[in-house]
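Chain by chain, the residues run as shown.
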Amino acid sequence: MKDGPLTEKELEWLEEMLEKHGSEASILDVSELDGLLTAVLSGPTTVEPGEWLLALWGGQKHVPKWSNEREMTRFMSLCFQHMNDIADRLSEYPDQFEPVFGLRKIEGLEFTVVEEWCFGYMRGVALTDWSTLPPSLQPMLEAIALHGTEENLEKLDTLTPEEMEASIDAIRPAALALHDYWISQPEAIKQPQKPIVADALPGRNEPCPCGSGKKFKQCCLH
């Protein structure tokens with residue numbers, strides 16, 4: 001398995017797979033996947049791969065039927081490599097941590113799109129219990145939830161351009177602060193610097209990493 005960030009070509013291929021195998025219940029682009037993995041790495045307890053892989057697809061009934069074993073293996077390897085890179089940046093090189101926001105061109109102008117990343121982050125938050133987050137850090141989570149929950153969409157429409165820009169600028173420091181808090185708690189299950197080894201995929205008769213409970217050969221292998 002390679003270390004370090006994914007190339008643009010690899011990110012584009014991941015996005016193609018998310019679109020190809022996705023549904024209304026699943027994550028549909030790399031920005032949302034990046035948000036999910038950031039929250040998984042930042043929460044109070046460890047989320048096992050089988051759990052966040054199911055969350056990625058929107059539940060067991062939405063787990064894809066891969067075209068072949070090579071497609072499935074490459075998808076998982078790239079996901080785990082990207083997760084490792086996020087973990088390194090959050091823990092060791094926070095100045096290099098940058099959420100993978102989307103970009104949209106309107107009438108020749110380029111705009112940053114953060115909603116997908118924030119929705120992915122909140123999907124990751126829902127996988128563990130964040131209820132003990134102290135009041136002093138609630139505004140950090142709210143800064144992400146502002147762009148990442150359905151109930152806040154109308155509120156976004158009321159923001160001035162200056163307020164919108166400020167709300168977008170608040171997301172990155174909020175993600176870093178939330179990660180630093182949870183990882184510092186003595187009761188938290190610490191995340192390793194390398195959360196998963198991508199090339200250590202299960203054997204044919206081992207449990208499938210998607211969490212279905214089936215053997216790998218009876219599930220995502222095919």
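Below you will find a few notes about this structure. All values reported here derive from a predicted model rather than from experimental measurement.

Remarks on the packing of aromatic side chains
How two aromatic rings sit relative to each other is given by the distance of their centres and the angle of their planes. Scanning all chains against the criterion turns up nine aromatic pairs. Centre to centre, the rings of Tyr181 and Trp182 are 5.0 Å apart; their planes meet at 65 degrees, and the pair counts as edge-to-face. Like Trp182, Tyr181 is buried. Its end group placed over the ring of Trp13, Arg74 keeps NZ or CZ at 4.4 Å from the ring centre.

Considering the pairing of strand β2 (residues 109-113)
Examined bridge by bridge, strand β1 (residues 102-106) and β2 share five bridges and lie antiparallel to one another. Along β2, the bridge assignment pairs Ile106 with Leu109. Hairpin remark: β1 followed by β2, antiparallel, with two residues in the connecting loop; positive phi at Glu107, about 55 degrees.

Section: the packing of helix α2 (residues 30-42) against helix α5 (residues 115-125)
Two elements in contact, α2 and α5, have axes separated by 6 Å at closest approach and are oriented at 35 degrees. Between α2 and α5 lies a crossing whose hand is right-handed. From α2, Ser31, Glu32, Asp34, Gly35, Leu36, Thr38, Ala39 and Ser42 reach across to α5, where they touch Glu116, Trp117, Phe119, Gly120, Tyr121, Arg123, Gly124 and Val125. Residue composition of the contact of α2 with α5, grouped by class: six nonpolar, six polar and four charged.

Regarding a negative patch on the surface
A cluster of acidic residues, Glu8, Glu12, Glu16 and Glu19, forms a negative patch at the surface. On the secondary structure map, Glu8 appears in helix α1 (residues 8-21). Taking the relative accessible area as the measure of exposure, Glu8 reaches 57% and is therefore exposed.

Quick look at the pattern of salt bridges
This structure, assessed with the given rule, holds four salt bridges. Here Lys20 and Glu71 are joined by a salt bridge, their closest N and O atoms 2.7 Å apart. Taken together, the residues Lys20 in helix α1 and Glu71 in helix α4 (residues 69-91) connect sequence positions 51 residues apart. The class for Lys20 is partly exposed, based on a relative accessible area of 45%. Residue Asp85 is joined to Arg89 by a salt bridge in which the shortest nitrogen-to-oxygen separation is 3.0 Å. Taken together, the positions of Asp85 and Arg89, both in helix α4 and four residues apart, correspond to about one turn of that helix. On the basis of relative accessibility, which here comes to 11%, the residue Asp85 falls in the buried class.

Parameters and conventions
Residues numbered from 1 in each chain as written. Predicted model: local features only at pLDDT ≥ 70, side-chain atom pairs only at ≥ 80, totals over all residues. Heavy atoms only, no water. Phe/Tyr/Trp six-rings, centres within 6.5 Å; stacked < 30°, edge-to-face > 60°. Buried < 20%, exposed > 50% of the residue type's maximum accessible area, 1.4 Å probe, protein only. Lys NZ or Arg CZ within 6 Å of the ring centre and 35° of its normal. Pairing = 2+ DSSP bridges. Helix = DSSP H or I, 4+ residues; strand = E, 2+ residues; numbered from the N terminus. Axes fitted to C-alpha atoms, helices over the stretch in contact; angles between N-to-C directions. Left-handed = near helix turned anticlockwise from the far one by under 90°. Contact = heavy atoms within 4.5 Å. Nonpolar A, V, L, I, M, F, W, Y, C, P; charged D, E, K, R; others polar. Patch = residues over 30% accessible without salt bridge, like charges linked within 9 Å, V, L, I, M, F, W, Y side chains within 5 Å. Areas by Shrake-Rupley, 256 points an atom, 1.4 Å probe, with all protein chains shown as cover. Salt bridge = Lys/Arg side-chain N within 4 Å of Asp/Glu carboxyl O. Lys, Arg positive; Asp, Glu negative; His and termini not counted. Charge placed at Lys NZ, Arg CZ, Asp CG, Glu CD.

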